Amino acid sequence: MAAPGFLSETPDDPELAAARAEPLRAPPSRGQWILGAVIGVCLLAYPLVFDQPYQQHVLIMIFIYALMAQGWNVLAGYCGQISLGQAVFFGIGAYSAAFLFSNFQISPWLGMAVGVVVSMVVALLIGIPTFRLKGHYFAIATLVIGEIAQTVFINWEYVGGATGIWIPIEWDAPWFAFQFHDSKLPYYYIGLGFLALACLCVYWLERSRTGLYFRAIREEPEAASSLGTDVTRYKLIAIMVSAAFTSVAGSLFTQYILVIDPETVFPLILSILVVLMTMMGGVGTLWGPIIGTAVLFPLSEMTRIYFGGSGGAEDLMIYGALILLISVFYPRGLIGLVHKVMGRGSHA
Amino acid sequence: MLEVTNLTKHFGGLVANDDISFGVAEGEILGLIGPNGAGKSTLFDLITGFQAPDEGGVRFEGRSLLGLRPDQINRLGIVRTFQKLKPFEKMTVEENVMVGVMQHTANMSKARDHALTMLSFVGLLEKRRAHAGTLSTGQRKRLELARAMATRPRLLLLDEVTGGVDQRSIPGLIALIERLRGVGVTLIVIEHNMQVLMSLADRVVALHLGAMIAQGTPAQIQADPRVIESYLGTAYA
């Protein structure tokens, strides 16, 4: 049977025609293009200008954390599923690259791909039972799964147990071994490249049916379902994309540090950090995770320098205070501040 | 078109729907009345897959809906609105409607064109860029209607069309529903405003404490002693 008649008809209404002629999303303004180009050139030129290892190290770590934060942002910011177990995917990515190279001499590039596949499968296995749970229960379930994953790897002797994996140093084939000992530049550009790729994915997501469904599920899952959205399917897509980003971040981290253990790549604090970083920058926005990471990571490094890295939680106390301030004054995150400043600029 | 047979649903010791059977013919507007707690919204939940019945069945155009999810039932051509409105608050009005359109096309701009047609149909076109969270109750009702219509339903279940809406908006909403009938949509309407219902409905089903106590034309229902006793009150007698 045909759908009701008026649905296919196009009424001859000038107001409707005018509305249709508007762009769905305002295209970037000239100012935004220029700003984007300037930031892009600055990021590309940065390591050539600032050639101290530490100066480059900070940016490389920001890229890795921001990639992970962007992964959380897809799942929680856009689709509304608060995960507190992102370290699971980070750890899988880290171990896949490290284990396959140190035991079977498989290139970490392939290891990274394997990590992505394994992470996505694990994401499915986590998502299928836990997405039946509503609201807080999903968050608690992921928290527990994160702790279980760490315990499993601590006790799994085949992959190094509690001591983890020291990746064999390879001097002759840096690109095959994904190890660069003379310069941090390759790490810098590879990290930047993957982060840019993730941002492109999110940019596309914001303009796609999938992204629209994600946000509808975040806002009112029952209404989305009543309108024909297969809610569970789209939640699973969200957690798989999230797992893929996070897993790549884990592999990058491994190749950069070259030694991993369960305490480093599966800790609860890592899962919490990406949440804080994204919230700080702006949840459910393209730039929020990056802005948040760019502010919080250097801050944590500084507090570690000034308060000593004895494992005390001074840096987290500062994080906490900042998050509190941001959420009181800019509930939408630092991006709210950025919009305010830029909005003012364009009106002036 | 829709056949409900012996539908029963318990919540613990409470009987929300007790052995309810009725049919809806194509092109009809069926009114559903009953005091609060009579089981009207539960009946909608059972028909649209939000709850599974304990006993009985629902058939749509000969096909059983038992075991199907709400989104699958929606794709067959049934859509419902919610008594407690559920707009996607942090999305724009046009995006809200696009969610309903997108099962028919992955093309965002085509979906937007169609969403705008729906918004023009319900008279919300000028609000298209506003966030749904900023709308008034009457506007939210119109948005729910536009969103539901965007899925191209053949059967529309409306939960409280005029509830919580200011007096002035009611005639507009009624005119909208008349127009829906005009384009060939079959409707089941939960409505507390008897004047509204009597002017709209072809037939009325009355529920009380989960059970169906009467069905018939609006005139028959208004004259039914059990309906008067349980719901309308003696003023209608």
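Residues numbered from 1 in each chain as written. Chains lettered and ligands numbered in written order. Predicted model: local features only at pLDDT ≥ 70, side-chain atom pairs only at ≥ 80, totals over all residues. Heavy atoms only, no water.

Draft legend 1. Examining a nonpolar patch on the surface more closely. Residue and element names in this part refer to chain A. The grouping of Phe104, Leu133, Tyr137, Ile140, Val144, Ile148, Val152, Trp156 and Tyr158 at the surface amounts to a nonpolar patch, some 910 Å² of accessible area in total. When residues in the nonpolar patch are grouped by element, the largest group, five residues, is from helix H6 (residues 136-155). Residue classification places Trp156 among the partly exposed positions, given a relative accessible area of 38%. (Patch = residues over 30% accessible without salt bridge, like charges linked within 9 Å, V, L, I, M, F, W, Y side chains within 5 Å. Areas by Shrake-Rupley, 256 points an atom, 1.4 Å probe, with all protein chains shown as cover. Salt bridge = Lys/Arg side-chain N within 4 Å of Asp/Glu carboxyl O. Helix = DSSP H or I, 4+ residues; strand = E, 2+ residues; numbered from the N terminus. Buried < 20%, exposed > 50% of the residue type's maximum accessible area, 1.4 Å probe, protein only.)

Draft legend 2. Spatial organisation of the nonpolar core. Counting 138 residues, the largest nonpolar core has B:Leu119, B:Leu156 and B:Leu187 as its most contacted members. For this core, the element with the most residues is helix H3 (residues 53-78) of chain A, which contributes 16 residues. Of the residues that make up this core, three or more belong to each of domain 1 (1-77 + 154-163 + 171-237) and domain 2 (84-152) of chain B. (Core = buried A, V, L, I, M, F, W, Y, C linked by side-chain atoms within 4.5 Å. Domains from an automatic or database assignment.)

Draft legend 3. How the structure looks around the pairing of strand S2 (residues 14-24) of chain B. Residues and elements named next belong to chain B. Sheet analysis places strand S1 (residues 2-11) next to S2, joined by seven bridges and oriented antiparallel. Counterpart to Lys9 in the pairing with S2 is Asn17. In sequence, S1 turns back onto S2 through a hairpin of two residues, with Gly12 there showing a positive phi of about 60°. (Pairing = 2+ DSSP bridges.)

Draft legend 4. Focus on the packing of aromatic side chains. Tallied over the full model, the rule gives 20 aromatic pairs over all chains. An angle of 35° between the planes, with centres 4.5 Å apart, marks the rings of A:Phe153 and A:Phe266 as tilted. Linking A:Phe153 in helix H6 with A:Phe266 in the loop between helix H12 (262-265) and helix H13 (268-281), this pair joins segments that are 113 residues apart in sequence. Here the aromatic cluster, defined as three or more aromatic residues joined through ring pairs, consists of A:Trp109, A:Trp175, A:Phe178, A:Phe180, A:Tyr187 and A:Tyr256. A cation over an aromatic ring shows up here: B:Lys86 above the ring of B:Phe82, its NZ or CZ 5.2 Å from the ring centre. A cation sits over an aromatic face here: B:Arg147 above B:Phe88, 4.5 Å from the ring centre. (Phe/Tyr/Trp six-rings, centres within 6.5 Å; stacked < 30°, edge-to-face > 60°. Lys NZ or Arg CZ within 6 Å of the ring centre and 35° of its normal.)

Draft legend 5. Representation of the pattern of salt bridges within the structure. As enumerated under the stated definition, the model contains 19 salt bridges over all chains in all. We note a salt bridge from A:Arg207 to A:Glu206, for which the minimum N-O separation is 3.4 Å. In this structure, B:Arg154 and B:Glu61 form a salt bridge, with 2.7 Å as the shortest nitrogen-oxygen distance. Linking B:Arg154 in the loop between helix H5 (137-150) and strand S7 (155-159) with B:Glu61 in the loop between strand S4 (55-60) and strand S5 (63-64), this pair joins segments that are 93 residues apart in sequence. Linked by salt bridges that have partners in common, A:Glu22, B:Glu94, B:Arg112, B:Arg128 and B:Arg129 make up one network.

Draft legend 6. Representation of the environment of A:Leu252 in the model. If you trace the backbone, A:Leu252 turns up in helix H11 (residues 231-257). Expressed as a C-alpha distance, the spacing of A:Leu252 and A:Trp72, which sit 180 residues apart in the sequence, is 17 Å.

Everything listed here is a matter of coordinates, which is why it stays silent on function.
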